[in-house]
Amino acid sequence: MFPLAVPERTAKPRDRGLTHIIDKGLGCHAITDLIDTAKNYIDIVKFGWGTGPLTGGLDAKIELLQKNGLKICFGGTFFEYAYVNGLLDKYTGWLEERGIDLIELSDGSIHLSLEEKLSLVERYAKRFTVLSEVGSKDVNHVVAPYKWVREITRTLEAGAYKIITEGRESGTTGVFRGSGEIRTGLIEEILQDLSVDKFIFEAPQKSQQVWFIKQFGPNVNLGNIAASDVISLETLRLGLRSDTFSEFHPNSVDVTDAE
Amino acid sequence: MFPLAVPERTAKPRDRGLTHIIDKGLGCHAITDLIDTAKNYIDIVKFGWGTGPLTGGLDAKIELLQKNGLKICFGGTFFEYAYVNGLLDKYTGWLEERGIDLIELSDGSIHLSLEEKLSLVERYAKRFTVLSEVGSKDVNHVVAPYKWVREITRTLEAGAYKIITEGRESGTTGVFRGSGEIRTGLIEEILQDLSVDKFIFEAPQKSQQVWFIKQFGPNVNLGNIAASDVISLETLRLGLRSDTFSEFHPNSVDVTDAE
Amino acid sequence: MFPLAVPERTAKPRDRGLTHIIDKGLGCHAITDLIDTAKNYIDIVKFGWGTGPLTGGLDAKIELLQKNGLKICFGGTFFEYAYVNGLLDKYTGWLEERGIDLIELSDGSIHLSLEEKLSLVERYAKRFTVLSEVGSKDVNHVVAPYKWVREITRTLEAGAYKIITEGRESGTTGVFRGSGEIRTGLIEEILQDLSVDKFIFEAPQKSQQVWFIKQFGPNVNLGNIAASDVISLETLRLGLRSDTFSEFHPNSVDVTDAE
């Protein structure tokens, strides 16, 4: 490897600086490529929404990822599906059989009162590492900042490991506007009393990744990264792409992309 | 596999509920991944426009797909190319040598009177299963609904198996506006007297897939699906993604994405 | 292969008609697929910006590409990184150890006077084939045409093999507006006194590729092509996709896409 002089990056197993990718059904050749080229840059592989249970060869894929030190998480929609169909015990048992210790709890598609959600977080935090998602999947449903703060604080108290802020595969909802633009005021308000390290920000678009890195440094936790963008994201974290080059190199050019 | 309780889906070989994907030159590792993860969800693999004859290792790829039960079709532009260059006999012979029994007839790039097109459909319907495309590739060329209906009715009478409605790889023409929005009035008019099962709707964008599934159910025929979106589309058909979750789960949240 | 009657295309090793692709970390299965399906259509593989040194298994990947006749080039940002960190000798030695004879010089993220840039071109032209990039990465930084012309002319005089016009991975800067639209007046002015063959135009978007092919013919040099678009680009060059079909087939339909 070329001897790079780059900003300090945490190493695996990390607690901060996490890269959480979204997979929508990659096969084993693609997964092998991902491991060979980028395994040190990936912490969690999420099988997006309900794609996991539909993916052929799933168990071989899980094994391949696990033996290479990549943690697996099924998408929140699969949890919600299990919840509304009375299959939660089957779901959690099924995860445990596969040695999966992460679970994402969300309510993007179902109605769940805060109390119900907190009680689920509490219950599963005893057996799993819980990722709990906040924010609506619906671009038209904007939640007031004080409600975000209240829900997040109580969810962490209930035992969640990290909070995932909703962005979808597209990066057009939750902490983003429909255009993909970041609701910066909302994020400021949320982080008034809470550590940025408690969050995984879903940020599938490059401009969003750039914003979070400029704001919170190379070791911000970012989620819903496309598999094909993992190395690109790592270059952004390390100032090896023009968009963040000037963050780490004084007297260089500040670049704004049109994306 | 996790025991899912999902809407009824047709099984292969299907006559309805078809997923028709567009390939623009995948190699054998990617095709193997696709087969391993999703072969039950794919009915037809189209080698888009003229990419097929330029793809290295084509015959090995064809064999790999065929022995795994995936039907192959070359893009309409290749047919049109053969037509204007006086190579139709060579083209159809070449397909038959490879055991390909699907043929797409289209006139997106050439001038063909309706009578000529119908006579080609009639001629090739004797040797092939004919997919006949309607709708212009040109975003500025909008055809009146009554002309769509007349052309479609006569094409089916001439022996076409299914009608493909043009959408391109991008989903920005034919039954869509340049923005990707669906021309719903046009589709309503077309389906007044014709069964939805006679159509394969090219619908490369997620929002388009969602619309067709909400309108016509899980077993609507959809085309020009990106290889990387096959499992995602299957989750939409089965209510395992938030966009269609509420279709199949009463009392859940109706989600609108910005895409 | 099907016997096509297509426009004249140059063969490898080419001096014009180059296709230069941008890779952001593909693994060896994907690279093998690319070679199997499209190696004759690819001249240069660029490891975009700083992705190269971060890609696991890099040396095996370089070897695989080289033994199949694909030239390798690291992105300009890596050069700039080496420049500002005083690592240029290490960088160029590292390239030579790997048998890489192409080098891209750019100043998208650093401040370099024209004189400094020319002296670097001159220095490295003795040991490498130099690709020199012009145009800003910043969408808001618009350079006057006469400055482009002056810089390009002098860079060629200093020994650069080709000039790369900046477009980024997105195609939204340099010779393009933020919308991806082409600055046609700028290109006209640049080509008043300079041969089109001295340029590699970064043109990642299909509409941009179509424009250059219509303007300058099938053998225009195009860069920053996504690996997944290589065969598609070749169909555009050869009139096997509707967007350029009418260029090579009189009496066919002129198609405008919405993209």
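As a starting point, this report considers the structure included with it. Treat the numbers as computed from the prediction; the structure is a model and nothing was measured.

The rules behind each value
Residues numbered from 1 in each chain as written. Chains lettered and ligands numbered in written order. Predicted model: local features only at pLDDT ≥ 70, side-chain atom pairs only at ≥ 80, totals over all residues. Heavy atoms only, no water. Helix = DSSP H or I, 4+ residues; strand = E, 2+ residues; numbered from the N terminus. Buried < 20%, exposed > 50% of the residue type's maximum accessible area, 1.4 Å probe, protein only. Phe/Tyr/Trp six-rings, centres within 6.5 Å; stacked < 30°, edge-to-face > 60°. Lys NZ or Arg CZ within 6 Å of the ring centre and 35° of its normal. Arc of directions from axis to C-beta. Contact = heavy atoms within 4.5 Å. Polar contact = N/O pair within 3.5 Å; in protein donor to acceptor, adjacent residues only side chain to side chain. Pairing = 2+ DSSP bridges. Axes fitted to C-alpha atoms, helices over the stretch in contact; angles between N-to-C directions. Least-squares fit on C-alpha atoms with pLDDT ≥ 70 in both. Buried area = accessible area lost by both parts, 1.4 Å probe. Salt bridge = Lys/Arg side-chain N within 4 Å of Asp/Glu carboxyl O. Nonpolar A, V, L, I, M, F, W, Y, C, P; charged D, E, K, R; others polar. Core = buried A, V, L, I, M, F, W, Y, C linked by side-chain atoms within 4.5 Å. Right-handed = clockwise from strand over helix to strand, strands pointing away.

**Brief notes about the environment of His249 of chain B**
Residue and element names in this part refer to chain B.
For step 1, the next point in the chain: For His249, the location among the structural elements is in the segment after α10 (242–248).
For step 2, the next point in the chain: Taking the relative accessible area as the measure of exposure, His249 reaches 8% and is therefore buried.
For step 3, the next point in the chain: Along the primary structure His249 and Gly239 are separated by ten residues, whereas in three dimensions their C-alpha atoms are 7.8 Å apart.

**Looking at the packing of aromatic side chains**
For step 1, the next point in the chain: Tallied over the full model, the rule gives 51 aromatic pairs over all chains.
For step 2, the next point in the chain: A centroid spacing of 4.5 Å and a plane angle of 20 degrees characterise the contact between Phe201 of chain A and Phe212 of chain A, whose relative ring orientation is stacked. Of this pair, Phe201 of chain A sits in strand β7 (residues 199–202) while Phe212 of chain A sits in helix α8 (residues 206–216), and the two are eleven residues apart along the sequence. The pair Phe201 of chain A / Phe212 of chain A is uniform in exposure class, with both members buried.
For step 3, the next point in the chain: Taken together, Phe2 of chain A together with Phe47, Phe74, Phe78, Tyr91 and Trp94 of chain C form an aromatic cluster joined through their ring pairs.
For step 4, the next point in the chain: The residue whose ring lies beneath Lys162 of chain A is Tyr161 of chain A, and the NZ or CZ to ring-centre distance is 4.8 Å.

**Considering helix α4 (residues 88–97) of chain A**
All names here are of chain A.
For step 1, the next point in the chain: Within α4, burial applies to Leu88, Tyr91, Thr92, Trp94 and Leu95. Seen from one end, α4 has its buried residues packed into an arc of 155 degrees, which puts them on one side. Opposite its buried face, α4 presents the exposed residues Asp89 and Glu97, each directed more than 90 degrees away.
For step 2, the next point in the chain: Buried positions along α4 lie against α2 (58–67), β3 (71–74), α3 (76–84), β4 (102–105) and α5 (114–125).
For step 3, the next point in the chain: Note on α4: the residue one or two positions beyond its end, Gly99, has a positive phi of about 70 degrees.

**What about the side chain of Asn224 of chain B?**
All names here are of chain B.
For step 1, the next point in the chain: Of note, Asn224 is situated in strand β8 (residues 222–226).
For step 2, the next point in the chain: Within the local environment of Asn224, its side chain forms a polar contact with the backbone oxygen of Arg168, the two atoms lying 2.9 Å apart.
For step 3, the next point in the chain: With near-sequence residues (within four places) excluded, Asn224 lies in contact with His20, Ile22, Lys46, Arg168, Glu169, Glu202 and Pro204.

**A word on the sheet that holds strand β4 (residues 102–105) of chain B**
Residues and elements named next belong to chain B.
For step 1, the next point in the chain: Ordered by their spatial adjacency, eight strands build an open sheet running β3-β2-β1-β8-β7-β6-β5-β4, and the pairing between neighbours is parallel. Edge positions in the open sheet fall to β3 (71–74) and β4, since each of these has one partner strand only. Put simply, the sheet's adjacent strands are angled 30 degrees from each other on average, direction ignored.
For step 2, the next point in the chain: In the sheet, strand β1 (residues 19–23) pairs with β8 via three bridges, with the strands oriented parallel. Along β8, the bridge assignment pairs Ile22 with Ala226.
For step 3, the next point in the chain: Across the sheet, helix α5 (residues 114–125) lies against β4 and β5 (129–134), angled at about 160 degrees from β5, the strand it touches most.

**A word on the relation of the copies chain C and chain B**
For step 1, the next point in the chain: Once chain C is rotated about the relating axis by 120 degrees and shifted along it by 0.0 Å, it coincides with chain B to within an RMSD of 0.0 Å. Here the two chains are linked by the operation of a three-fold rotation axis. Taking the C-alpha atom as reference, chain C places His29 of chain C closest to the rotation axis, 3.7 Å from it.
For step 2, the next point in the chain: Looking at the interface residues of chain C, only 3% of them are also at the interface in chain B, so each copy uses its own face.

**Quick look at the interface of chain B and chain A**
How big an interface is tends to be reported as the loss of accessible area on association of its parts.
For step 1, the next point in the chain: Each side of the interface is counted separately: chain B has 35 residues, and chain A has 38 residues.
For step 2, the next point in the chain: Regarding the contact of chain B and chain A, the summed buried area is about 3100 Å², with carbon and sulfur atoms giving 61% of it.
For step 3, the next point in the chain: One salt bridge connects Arg241 of chain B with Glu169 of chain A, and the closest N-O pair in it is separated by 2.9 Å.
For step 4, the next point in the chain: Between chain B and chain A we count 14 residue pairs in polar contact (both at pLDDT 80 or more) in total.
For step 5, the next point in the chain: Listed by contribution, the elements that provide at least two residues to the side of chain B that touches chain A are α1 (28–38), α9 (230–237) and α10 of chain B.
For step 6, the next point in the chain: Across the side of chain B that touches chain A, the residue classes tally to 14 nonpolar, eleven polar and ten charged.

**Side note on the nonpolar core**
For step 1, the next point in the chain: Core analysis: the biggest nonpolar cluster contains 210 residues, and Phe74 and Tyr91 of chain A, Phe74 and Tyr91 of chain B together with Phe74 and Tyr91 of chain C have the highest contact counts within it.
For step 2, the next point in the chain: Element by element, the count of residues in this core is highest for helix α9 (residues 230–238) of chain A, at five residues.

**Quick word on the pairing of strand β6 (residues 162–165) of chain A**
All names here are of chain A.
For step 1, the next point in the chain: Covered by surrounding structure in β6 are Lys162 and Ile164 together with Ile163 and Thr165, the residues of both alternating faces.
For step 2, the next point in the chain: Here four bridges tie strand β5 (residues 129–134) to β6, and the two strands are oriented parallel to one another. When the sheet's bridge partners are listed, Leu131 is paired in β6 with Lys162.
For step 3, the next point in the chain: With three bridges connecting them, β6 and β7 associate as parallel partners. Pairing of Ile163 across the sheet is with Phe199, part of β7.
For step 4, the next point in the chain: Tracing the backbone out of β6, into helix α7 (residues 184–190) and back to the parallel element β7 gives a crossover that is right-handed.

**Structural notes on the interface of chain C and chain B**
For step 1, the next point in the chain: Taken together, the contact pairs 35 residues of chain C with 38 residues of chain B.
For step 2, the next point in the chain: Taking both sides of the interface into account, the surface hidden between chain C and chain B amounts to around 3100 Å²; carbon and sulfur atoms contribute 62%.
For step 3, the next point in the chain: The interface formed by chain C and chain B contains three salt bridges.
For step 4, the next point in the chain: The partner of Asp229 of chain C in a salt bridge is Lys24 of chain B, and the shortest N-O contact between them spans 2.8 Å.
For step 5, the next point in the chain: Applying the counting rule to chain C against chain B returns 14 residue pairs in polar contact (both at pLDDT 80 or more).
For step 6, the next point in the chain: Those elements giving two or more residues to the side of chain C that touches chain B turn out to be α1 (28–38), α9 (230–237) and α10 (242–248) of chain C.
For step 7, the next point in the chain: Counting residues per element, the side of chain C that touches chain B draws most heavily on α1 of chain C, at five residues.
For step 8, the next point in the chain: Per-class residue counts for the side of chain C that touches chain B are 14 nonpolar, eleven polar and ten charged.

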